[in-house]
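# Breakdown of the fold
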Amino acid sequence: MRTRPLKVALLGCGVVGSEVARIMTTHADDLAARIGAPVELAGVAVRRPSRVREGIDPALVTTDATALVKRGDIDVVVEVIGGIEPARSLITTAFEHGASVVSANKALLAQDGAALHAVAEENNRDLYYEAAVAGAIPLIRPLRESLAGDKVNRVLGIVNGTTNFILDKMDSTGAGYQEALDEATALGYAEADPTADVEGFDAAAKAAILAGIAFHTRVRLDDVYREGMTEVTAADFASAREMGCTIKLLAICERAEDGGSVTARVHPAMIPLTHPLASVRGAYNAVFVESDASGQLMFYGPGAGGAPTASAVLGDLVAVCRNRLSGATGPGESSYAALPVSGMGAVVTRYHISLDVADKPGVLAQVATVFAEHGVSIDTVRQQGKDGEASLVVVTHRASDAALGGTVEALRKLDTVRGVASIMRVEGE
Ligand SMILES: NC(=O)c1ccc[n+]([C@@H]2O[C@H](COP(=O)([O-])OP(=O)(O)OC[C@H]3O[C@@H](n4cnc5c(N)ncnc54)[C@H](OP(=O)(O)O)[C@@H]3O)[C@@H](O)[C@H]2O)c1
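Predicted model, so just to flag it, every value in this text is computed and none were measured. (Residues numbered from 1 in each chain as written. Predicted model: local features only at pLDDT ≥ 70, side-chain atom pairs only at ≥ 80, totals over all residues. Heavy atoms only, no water.)

## A closer look at the overall build of the protein
Applicable threshold: Secondary structure elements are defined from DSSP: runs of H or I of at least 4 residues count as helices, runs of E of at least 2 residues count as strands, and each element is numbered from the N terminus. Only C-alpha atoms enter the radius of gyration, while the globule expectation follows 2.2 Å times N to the 0.38, with N the number of residues. Partly exposed residues are those whose accessible area sits between 20% and 50% of the maximum for their type, while under 20% is buried and over 50% is exposed, using a 1.4 Å probe and protein chains only. Should any heavy atoms of two residues lie within 4.5 Å, those residues are considered in contact. Values of accessible area rely on a 1.4 Å probe in the Shrake-Rupley scheme; residue burial ignores everything except the protein chains shown. Note on charges: Lys and Arg go in the positive column, Asp and Glu in the negative column, and His and the chain ends are not counted at all. Charged side chains are reduced to one point each, which is NZ for Lys, CZ for Arg, CG for Asp and CD for Glu.
Assigned secondary structure in the protein consists of 14 helices and 17 strands. Against the compact-globule benchmark of 22 Å for 429 residues, the protein has a radius of gyration of 24 Å, which places it among compact chains. Based on the C-alpha atoms only, the size of the protein along its principal axes is roughly 85 × 45 × 35 Å. Every one of the 429 residues in the protein was classed for burial, and the buried ones make up 52%. Considering only contacts in the protein between residues 6 or more positions apart, those separated by 24 or more positions represent 73%. Summed over its atoms, the accessible surface of the protein is roughly 18200 Å², and 50% of this surface lies on carbon and sulfur atoms. Within the protein, the 53 negative side-chain charges are centred at a point lying 4 Å from the centre of the 39 positive side-chain charges.

Rendered as structure tokens:
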């Protein structure tokens, strides 16, 4: 084993960074044996230097992250600051000064992954980011390496623990959205400002990263259709139950049936209780991958938290350190397929639509005609009448989102349709 240590600069020492530092210290001997050389924490960049950080030598702490990554003797920079800047500049500078980079930064990778990969490649260095998607769950490496000989057709996942916790609460207790969110906040599963989670931004960033890797195609954050889950109601859960389904916020990356394009989207959807993703409870994450040769694979585990996320970071650190020792680099960006990324209109799925309608003869026939005129075939219809008003629940066969959109627009124009109470996609069948 080499005795000269590999030097690691840690950028950020918060929830994830502090666990990375702890595991580097407590598992130092095992890490050295697995890598073939000891790893040494050479510096820790933070914002507030006076904060007490257990287990960290204060002499290593600095607020000058730029100087740390420019030192020239750093082998690996671990970026766990988060956000776009200064993380992006620091990673770029790290590559230019000879370091490889491990990052957990989904927002940055989803936005600027291609550019960062390019700088890594120019400098013959590694960029690894297993922790950026679904915390501890090995997903990036299985897609990038284990499935490199297969053809992935679909990635369907619960990639945000906060929203899964909220939806699971609504499902199991009958609570409304706000009540479930309040509980998630009280228990520390939701941040004071939950927008990034509940509006689907966090999941959309992960969908962009997963789609890019799965389909060997650059998928930008803007390419991902996004709908949050704040409008999901207890009534939606009751409807889902009647269909033998539950509701999950899903990230769905799909190759079109003709193989010529891909789509990526995040939205709440009904999913059959028999689907493995339906049984993912609490703040857990799970990702279902379908490919030509392997068939169906499921990856499950904690999608966040200091130690679980640090586990993924450490796995990358070991891989990158091994590459440094052998003078090699691991797989970089693979975007050779360059498939067009289609918008939401091209997505084909089933729909569950609840309509408030007048309770009088002929309404059902009128509604059915609108569906037929737009080429959307109805699977089942259920009608419930009360005091001259009725609700009509329509479940369709597979149709394009564009066709469904046209149908709903036309339905809204009917005098007998008082309102469209909810539209939910049905996935995983
Ligand atoms: N937390 C999770 O469960 C989780 C899961 C998966 C991925 N991630 C990703 O991991 C990354 C880190 O998340 P986190 O939860 O650990 O965040 P965090 O607890 O807020 O920690 C951020 C750290 O970065 C430091 N920092 C902030 N701005 C800085 C600057 N300009 N220069 C130097 N240091 C700076 C902070 O310093 P101070 O300590 O002085 O404030 C803090 O130590 C993010 O990209 C996040 O998306 C997190």
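## Section: the pattern of salt bridges
What counts here: Any Lys or Arg side-chain nitrogen found within 4 Å of a carboxyl oxygen on Asp or Glu counts as a salt bridge.
Using the criterion set out here, one finds 27 salt bridges in the structure. Among the salt bridges present, the one from Asp73 reaches Lys7, with a minimum N-O distance of 3.3 Å. Of this pair, Asp73 sits in the loop between α3 (65-69) and β4 (76-79) while Lys7 is found in strand β1 (residues 6-11), placing the two residues 66 residues apart along the sequence. Lys206 is paired through a salt bridge with Asp202; the nearest N and O atoms lie 2.7 Å apart. Of this pair, Lys206 and Asp202 both sit in helix α10 (residues 201-215), separated by four residues, roughly a single helical turn. Its relative accessible area of 5% is what places Lys206 among the buried residues. Salt bridges sharing partners connect three or more residues here, namely Arg154, Glu254, Arg265, Glu290 and Glu427.

## Overview of the site of the ligand
This is how the line gets drawn: Only a single heavy atom is needed: when it lies within 4 Å of a molecule or strand, its residue is near that molecule or strand. Nitrogen and oxygen atoms within 3.5 Å of one another constitute a polar contact, given that in protein one can donate a hydrogen and the other can accept it, and given that sequence-neighbouring residues count only through two side-chain atoms.
Lining the immediate environment of the ligand, one finds 22 residues, of which Cys13, Val15, Val16, Arg48 and Gly305 sit closest. The separation between an oxygen atom of the ligand and a polar side-chain atom of Arg53 is 2.9 Å.

## A closer look at the nonpolar core
Definition in use: Only buried residues count toward a nonpolar core. Its members are Ala, Val, Leu, Ile, Met, Phe, Trp, Tyr and Cys residues joined through side-chain atoms within 4.5 Å.
Residues Val77, Ile166 and Ile209 are the most contacted members of the largest nonpolar core, which totals 77 residues. When residues no more than four places from it in sequence are discounted, the contact partners of Ile166 are Tyr177, Ala180, Leu181, Ala184, Val198 and Met229. Ranked by size, the runner-up nonpolar core spans 34 residues in total, among them Leu6, Val78, Tyr128 and Ala131.

## Focus: the side chain of Asp171
Considering the arrangement of structural elements, one finds Asp171 in helix α7 (residues 161-173). Here Asp171 is in contact with Phe237, Arg241 and Thr246, once residues within four sequence places are set aside.

## Considerations on unusual backbone geometry
Between Glu85 and Pro86 the backbone carries a cis peptide bond, its omega angle lying at 10°. The residue Pro86 is located in the loop between β4 and α4 (87-96) in this model. For Ala134, which is not a glycine, the phi torsion comes out positive at approximately 60°. Mapping Ala134 onto the fold places it in the loop between β6 (127-128) and α6 (140-146). Among the residues examined, Ala134 registers a relative accessible area of 1% and is labelled buried.

## Focus: the environment of Asp193
As for its placement among the helices and strands, Asp193 is situated in the loop between α8 (177-186) and α9 (195-198). Judged by its relative accessible area of 53%, Asp193 falls in the exposed class. Within the structure, the side chain of Asp193 is placed 2.4 Å from the side chain of Thr195, a separation counted as a polar contact.

## What to know about the packing of helix α13 (residues 363-373) against helix α14 (residues 401-413)
Definition in use: Helix axes use the C-alpha atoms of the stretch in contact, all axes being lines fitted to C-alpha atoms, and the angles between their N-to-C directions lie in the range 0 to 180 degrees. What sets the label is the angle itself: under 35 degrees gives roughly parallel, over 145 gives roughly antiparallel, 65 to 115 gives roughly perpendicular, and the rest give oblique. Should the near helix be turned counterclockwise from the far one by less than a right angle, the crossing is left-handed, whereas a clockwise turn marks it as right-handed. Only Asp, Glu, Lys and Arg are considered charged in this grouping, and only Ala, Val, Leu, Ile, Met, Phe, Trp, Tyr, Cys and Pro are considered nonpolar; every other residue, Gly among them, is considered polar.
At a minimum axis distance of 9 Å, the contact between α13 and α14 shows a crossing angle of 150°. Between α13 and α14, the interaxial angle falls into the category roughly antiparallel. Classified by chirality, the crossing of α14 by α13 is right-handed. Where α13 abuts α14, its residues Val367, Val370 and Phe371 lie against Thr407, Ala410 and Leu411. Here the residues of the contact of α13 with α14 sort into five nonpolar, one polar and no charged.

## Focus on the pairing of strand β12 (residues 295-302)
Short version of the rule: The criterion for strand pairing is that DSSP finds at least two bridges linking the strands in question.
Taken together, the eight bridges between strand β11 (residues 284-291) and β12 define a ladder with antiparallel strand orientation. Bridge pairing links Val289 to Leu297 in β12. Connecting β11 to the antiparallel partner β12 that follows it, the hairpin turn spans three residues.

## Notes on the packing of aromatic side chains
In plain terms, the rule: Here a Phe, Tyr or Trp ring, Trp counted by its six-membered ring, pairs with any other such ring whose centre lies within 6.5 Å, and the pair is stacked when the planes are under 30 degrees apart, edge-to-face when over 60, and tilted otherwise. In our convention, an over-ring charge means Lys NZ or Arg CZ found within 6 Å of a ring centre and within 35 degrees of that ring's normal.
Tallied over the entire structure, the rule returns two aromatic pairs. Arranged with centres 5.2 Å apart and planes meeting at 5°, the rings of Tyr284 and Tyr300 form a pair that is stacked. Residue Tyr284 is found in strand β11, and its partner Tyr300 is found in strand β12; the two are separated by 16 residues along the sequence. Taking the relative accessible area as the measure of exposure, Tyr284 reaches 37% and is therefore partly exposed. Classification of Tyr300 as partly exposed rests on a relative accessible area of 46%. One cation-aromatic arrangement involves Arg144 over Tyr128; the distance from NZ or CZ to the ring centre is 5.2 Å. Here the basic side chain of Arg144 rests over the ring of Tyr129, its NZ or CZ set 5.6 Å away from the ring centre.

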